[in-house]
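Listed here are the chains, written in short residue letters.
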Amino acid sequence: MEKKASKITRSAGWLTALSLLSVLTGCSASQKPAASASPQPSAIATATPLPSTSPSPSVTPSPSAKPTPTPDPWAGWTLDDKIGQLIIAGIDGTTVTDQTRELITKYHLGGILLYKPNVTSTKQLVALTNEIKMTNRVNKQPLWLGADEEGGRVTRLPDELVKTPTSQAIGQSGKLQLARDTGALLGKEMAAYGFNMDFAPVLDVNSNPKNPVIGDRSFGAKPALVSDFGVGMMKGIQGTHVVPVVKHFPGHGDTSVDSHVGLPVVQNDLTRLRQFELVPFAKAIAEGADSVMVAHILLPKIDPNSPASMSSIIMTDLLRKEMKFQGVIMTDDLTMGAITEHQDIGDAAVQSVLAGANQVMAGHGAENVIRVFQALHAAVDKGTLPVDVLNERLSQIVQLKRKYALQNNEVPVPDLTAFNKEAQRIASAVHNK
């Protein structure tokens, strides 16, 4: 399998897939909304400067001049500071408990994700996100504060909000503008509650009718349709200054096992992926995707030894090198059965980072978060995880946080009137074909 890995290139098959995509999508080009500008980089008072990517002017030093030492971009950062940034954690409860406070301040988390049990009402959720950010002010970087807000049945925001239609219904409407409008609405709602990251849109092509986990979360069964509508939603979210995380790379649509309870095995090879599952991800990357979530699925014809979320063949050779993705790679939740039924969560986290992930997710159980932190720390101490690799992963995280100008700022309790009116308009437009 190592020989196969070294041969992953931008092959004719991949070029054929992209050519096919352009033909398939050409007929709908006139329907596409104009692209909005991506958020511009800006400085954060709490951020530690990274090396400039601009070339330095050429200066001939005088004979007596001493070379200027290169500043250490991580001066003032402890190993704990660095490792914490690689972890996105779930928390228990609807307030900041002592346990949550310890996770933030002692383990220096890079992000927190919330689930439906963390949410009871608008006022409660705003109080929670504000307190999380106030607690995090002692750390080097603001937190990612995210949730799975896909629209349809996958929603974490309070029930006072009118829910948007499913991605499947939006795709079936044939109205591309509605995908972008839905993304913009989801992003505005997330920002109003204090979030800065949305684990959406779903770019999986729903090709397997027996799939127990994707279904109407997908825009449809055709790569071209999923590409157009998925990127439309991604752009809508980006335009609200919330980071969209496209998922579940390299494609969770052709599975018959739910990765929350077991490890799906997909017998597709690279040729099939390049022509089908990867097409929406390729378009998203070309259109400026900021972050990609990698699935817990095993593809034996590509890497028989590791699921995608722990595979260097898939994350480094395919996603980074072949597809030229330069943003933040994160794993799906490592506490899912696809991982915990097969190996120690700490070992899985180390393998994921070594394979190419910037951030690993531990969505349930403080003990799992701490185990991941300790395992990564031990790997650096032993030299298993080299410091230069750690710094590289960290650099891409900090760069994206800078791009979106993250801050530990509080938000007021939002008025939901305009949000609900827009959700109703979108639902009406989706169903009136």
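Residues numbered from 1 in each chain as written. Predicted model: local features only at pLDDT ≥ 70, side-chain atom pairs only at ≥ 80, totals over all residues. Heavy atoms only, no water.

**Quick notes on the overall build of the protein chain**
Item 1. Summing up its helical and strand segments, the protein chain has 16 helices and eight strands in all.
Item 2. Each of the 433 residues in the protein chain was classed as buried or not, and the buried ones make up 59%.
Item 3. If you take every contact in the protein chain between residues at least 6 apart in sequence, the share linking residues at least 24 apart comes to 81%.
Item 4. For the protein chain, the exposed surface amounts to about 17600 Å²; the carbon and sulfur share of it is 54%. (Helix = DSSP H or I, 4+ residues; strand = E, 2+ residues; numbered from the N terminus. Buried < 20%, exposed > 50% of the residue type's maximum accessible area, 1.4 Å probe, protein only. Contact = heavy atoms within 4.5 Å. Areas by Shrake-Rupley, 256 points an atom, 1.4 Å probe, with all protein chains shown as cover.)

**Considerations on the confidence of the model for the protein chain**
Low-pLDDT stretches of the model should not have their predicted coordinates read in fine detail.
Item 1. In this model, the protein chain carries a mean pLDDT of 86, and residues with pLDDT of at least 70 account for 81%.
Item 2. Taken as a whole, residues 1–61 scores under 50 in pLDDT and shows 91 contacts with residues more than four places along the chain or in a different chain. (pLDDT = per-residue confidence, 0-100.)

**Notes on the nonpolar core**
Item 1. Ranked by size, the top nonpolar core spans 87 residues in total, and within it I87, L109, I112, I132, F195 and M330 carry the most contacts.
Item 2. Per-element tally for this core: the top contributor is helix 14 (residues 366–382), with nine residues.
Item 3. The contacts of L109, once residues within four sequence positions are left out, are G84, Q85, I87, A89, L103, I104, L143 and V369.
Item 4. Among the nonpolar cores identified, the runner-up in size contains 31 residues, and L203, L270, L299 and A308 belong to it. (Core = buried A, V, L, I, M, F, W, Y, C linked by side-chain atoms within 4.5 Å.)

**What to know about the side chain of S309**
Item 1. Relative to the helices and strands, S309 resides in the loop between strand 6 (291–294) and helix 11 (312–322).
Item 2. Judged by relative accessible area, which is 0%, S309 ranks as buried.
Item 3. Ignoring anything within four residues of it in the chain, the contact list for S309 reads V294, A295, H296, M315, T331, I339 and S352.

**So, the pairing of strand 8 (residues 359–362)**
Item 1. Here strand 8 shows two buried faces, one formed by Q359 and M361 and the other by V360 and A362.
Item 2. Relative to strand 8, strand 1 (residues 87–90) runs parallel, the two sharing three bridges. Along strand 8, the bridge assignment pairs I88 with M361.
Item 3. Here strand 7 (residues 328–333) runs beside strand 8; their pairing, made up of two bridges, is parallel. Among the inter-strand pairings, M330 is bridged to a residue of strand 8, identified as Q359. (Pairing = 2+ DSSP bridges.)

**Topic: unusual backbone geometry**
Item 1. The omega torsion of the bond from A200 to P201 falls at 10°, within 30 degrees of zero and hence cis.
Item 2. Within the secondary structure, P201 is located in the loop between strand 4 (197–198) and helix 8 (223–238).
Item 3. Residue P250 is bonded to the preceding F249 through a cis peptide linkage, with omega at 0°.
Item 4. Turning to its location among the elements, P250 is positioned in the loop between strand 5 (243–249) and helix 9 (270–275).

**Some remarks on the environment of T120**
Item 1. Mapped onto the elements, T120 comes out in the loop between strand 2 (111–113) and helix 5 (122–135).
Item 2. Each C-alpha atom of the pair T120 and D159 lies 8.1 Å from the other, and the pair is 39 residues apart in sequence.

**Considering the sheet that holds strand 2**
Item 1. One closed barrel accounts for eight strands, arranged 1-2-3-4-5-6-7-8; its pairing is parallel.
Item 2. In this fold helix 8 packs onto strand 4 and strand 5, with an angle of close to 150° to the strand it touches most, strand 5. (Axes fitted to C-alpha atoms, helices over the stretch in contact; angles between N-to-C directions.)

**Observations regarding the packing of aromatic side chains**
Item 1. Counted according to the given criterion, the structure contains four aromatic pairs.
Item 2. With a centroid separation of 5.2 Å and an interplanar angle of 80°, the aromatic rings of W74 and W77 are classed as edge-to-face. For the pair W74 and W77, one class covers both residues: buried.
Item 3. It is R272 that lies over the ring of F276; its NZ or CZ is 4.2 Å from the centre. (Phe/Tyr/Trp six-rings, centres within 6.5 Å; stacked < 30°, edge-to-face > 60°. Lys NZ or Arg CZ within 6 Å of the ring centre and 35° of its normal.)

**Quick word on the pattern of salt bridges**
Item 1. All chains considered together, the criterion is met by 18 salt bridges.
Item 2. With its nearest N and O atoms 3.3 Å apart, the salt bridge here joins E131 to R101. Highlighted residues: E131 in helix 5 and R101 in helix 4 (residues 98–107), separated in sequence by 30 residues.
Item 3. A relative accessible area of 30% means that E131 is categorised as partly exposed.
Item 4. You can call R101 partly exposed: its relative accessible area is 30%.
Item 5. As a salt-bridge pair, K321 and D317 come within 3.7 Å of each other at their nearest N and O atoms. Highlighted residues: K321 and D317, both in helix 11, separated by four residues, approximately one helical turn.
Item 6. Its relative accessible area of 16% is what places D317 among the buried residues. (Salt bridge = Lys/Arg side-chain N within 4 Å of Asp/Glu carboxyl O.)

**Thoughts on the packing of helix 8 against helix 10 (residues 278–286)**
When two helices pack together, their arrangement is given by the angle between the helix axes and by the axis-to-axis distance.
Item 1. Put simply, helix 8 and helix 10 touch, their axes get as near as 8 Å, and they point 35° apart. The element helix 8 and its partner helix 10 pack so that their crossing is right-handed. Contact residues: helix 8 offers P223, V226, S227, D228, V231 and M234, while helix 10 offers V279, P280, K283 and A284.
Item 2. Of the residues belonging to the contact of helix 8 with helix 10, the class tally is seven nonpolar, one polar and two charged. (Left-handed = near helix turned anticlockwise from the far one by under 90°. Nonpolar A, V, L, I, M, F, W, Y, C, P; charged D, E, K, R; others polar.)

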